[in-house]
Amino acid sequence: MLGGMNMRRLLPLFLIAPVFVLAGFGISKPGAGEKVRVLIIDGQNNHNWKDTTPFLKAQLEKTGRFEVAVATTPPRGAKPEDWAGFKPDFGACDVVLSNYNGPKWEPAAVREAFEKFLADGGGLVNVHAANNAHKGWDGFEKATGLLWRGNADGARLYLDQVGKVMRMEKGEGPGAGHGPQHEYLVKIRDGEHPITKGLPTEWLHTKDELYHGQRGPAEDMEILATALSAKDKRGTGVHEPMLWWIPVGKGKAVTNVLGHVGGGDVPHMPAMKCVGFLTLTARACEWAATGEVTIPVLDNFPTKDKVSLVE
Ligand code: ZN
C-alpha cells in the first residue's frame, strides 16, 4: 500500500495534475529547482525497517531536495492474494530507494514495471541489506551487480593492494559474509564522480558491518568506494566494494552496503546516522534521478580520524 498517497491526496489538484500528465509521456527529469521524487520501498527486512524508513525519509527531506513517498510490501510469508494489492507507482517517482530485504516483489507485473522504469531512465538506490533481496530476479540482480549470495551464485569483485579491480569467478573463494561490527575507513576510489566529489579520500565510518565476498553478475560496475576487510575482524584481507553503480538502459542503479541496524552491543541505528552514510545515500538518490549532484558536503562530514553522527 502506498503510504505516499496520503500526502498526495492532501495536495491541491493543480499541484498533482502535472505529475500525471508527465507520467503519460515517460520519465521527465526534475530540474534544479524541482524536488526529486523518491519512493522508499520497505515492508520486509531482517533490519528494523519500521524505524529506518521514517528516519531515512526525514533525513532526505531535510536536504530540501526531495519529496519522499513510501510503498510497503505485504509481510514475510505473504500469499499471492496479499501481494495483489502491492502496486507501487513508479510513474510518480524519479528514484526508488530500496529498504527492502525479502523475496521477489509480486506479482510479476510489479517487477516488469520496475525494470521498465529503470530502462526508461529511472533510478535505484539500494541501502545495506537491500542487496540481500530478490533472489532469482535477474533484472534486479543485474542492476545490483553484487549481492548477499553464496559463492556458487556469481562472481566476486575486490580491489588489490594497488587499487586494481580483481574478479573472482563463481565457485572460488568466499561467499557473502561479515565479521563483528567495528569502525572502519571508507576509501573513495573515484573522487570525480558526482556522488563522491569533494569527499575526503578516506574517512572513518562508525561501527557497522563490513560486507565481504558479495556475489552476482558483477557486470558494468563502477566501484566508487571500498573498505579494507581486515583479517583480524574475520574479513578477507582485501578491499571490498562498499558503494558502486551500474547503468541500466537509460537508468542508473547505485548500491551502498553501509548502514546496518540492530544487534550486538551497538546502540540504536548508529551506522545510518553516520554523516558519511547519509551524504552518500542522499547524493546517490539525487544523481540516480537527475545525473547531477547539488547536495553539498557539510562541515560535519567524518574525517580520517573522527566519526560523525547526526543527532
Ligand atoms: Zn546488517
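Whatever comes next refers back to the structure up there.
Procedures and definitions
Residues numbered from 1 in each chain as written. Predicted model: local features only at pLDDT ≥ 70, side-chain atom pairs only at ≥ 80, totals over all residues. Heavy atoms only, no water. Buried < 20%, exposed > 50% of the residue type's maximum accessible area, 1.4 Å probe, protein only. Helix = DSSP H or I, 4+ residues; strand = E, 2+ residues; numbered from the N terminus. Pairing = 2+ DSSP bridges. Right-handed = clockwise from strand over helix to strand, strands pointing away. Donors = N, O, S within 2.8 Å, 3.2 Å for Na, K, Ca; no water. Tetrahedral: all angles 85-135°; square planar, octahedral: opposite > 155°, others 65-115°. Contact = heavy atoms within 4.5 Å. Phe/Tyr/Trp six-rings, centres within 6.5 Å; stacked < 30°, edge-to-face > 60°. Lys NZ or Arg CZ within 6 Å of the ring centre and 35° of its normal.

Undergrad: Residues and numbers for the pairing of strand E1 (residues 36–42), please.
TA: The element E1 is largely enclosed, with a buried count of seven among its seven residues. Summarising the sheet, E1 and strand E2 (residues 66–72) pair through seven bridges and their orientation is parallel. In the sheet register, Ile 41 faces E2, and the bridge partner there is Ala 71. Chirality of the crossover, the property in question, places the unit of E1, helix H3 (residues 49–62) and E2 among those that are right-handed. Alignment of E1 against strand E3 (residues 95–98), held across four bridges, turns out to be parallel. Note that in E3 the partner of Ile 40 across the bridge is Leu 97.

Undergrad: Help me get a handle on the coordination of the zinc ion, residues and values and all.
TA: Within the first shell, the zinc ion binds the protein through His 47 (NE2), His 128 (NE2), Glu 209 (OE) and His 260 (ND1), at distances of 2.0 to 2.2 Å. For the zinc ion, the four donor atoms in the first shell make angles of 89 to 164° at the metal, so the coordination geometry reads as irregular. Of note, the donors binding the zinc ion are all from one chain and are spaced H-x80-H-x80-E-x50-H. Remark: His 260 occurs in the loop between strand E11 (251–256) and helix H7 (270–273) and His 47 occurs in the loop between E1 and H3; sequence separation between them is 213 residues. Each member of the pair, His 47 as well as His 260, carries the same accessibility label: buried.

Undergrad: Which residues make up the side chain of Thr 52, and what are the values?
TA: Within the secondary structure layout, Thr 52 lies in helix H3. Residue classification places Thr 52 among the buried positions, given a relative accessible area of 2%. In this view, Thr 52 contacts Asn 99, Val 261, Met 269 and Met 272; residues no more than four positions away in its chain are not counted.

Undergrad: Explain the packing of aromatic side chains to me, and be specific about the residues and the numbers.
TA: Going through the model one piece at a time under the given rule, you end up with 13 aromatic pairs. Geometrically, the ring pair formed by Trp 83 and Phe 86 is edge-to-face, given 5.6 Å between the ring centres and 80° between the ring planes. Accessibility expressed as a relative area gives 1% for Phe 86, which makes it buried. Summarising the aromatic geometry, the rings of Trp 245 and Trp 287 are spaced 4.7 Å apart at their centres and angled 80° between planes, so their arrangement reads as edge-to-face. Here Trp 245 is found in strand E10 (residues 239–248), whereas its partner Trp 287 is found in helix H8 (residues 275–290), with 42 residues between them in sequence. Residue classification places Trp 287 among the buried positions, given a relative accessible area of 5%. Connected via pairs of aromatic rings, a cluster forms that spans Trp 83, Phe 86, Phe 90, Tyr 100, Trp 105, Phe 114, Phe 117, Trp 137 and Phe 140. The ring of Trp 287 is capped by Lys 252, whose NZ or CZ atom sits 5.2 Å from the centre of that ring.

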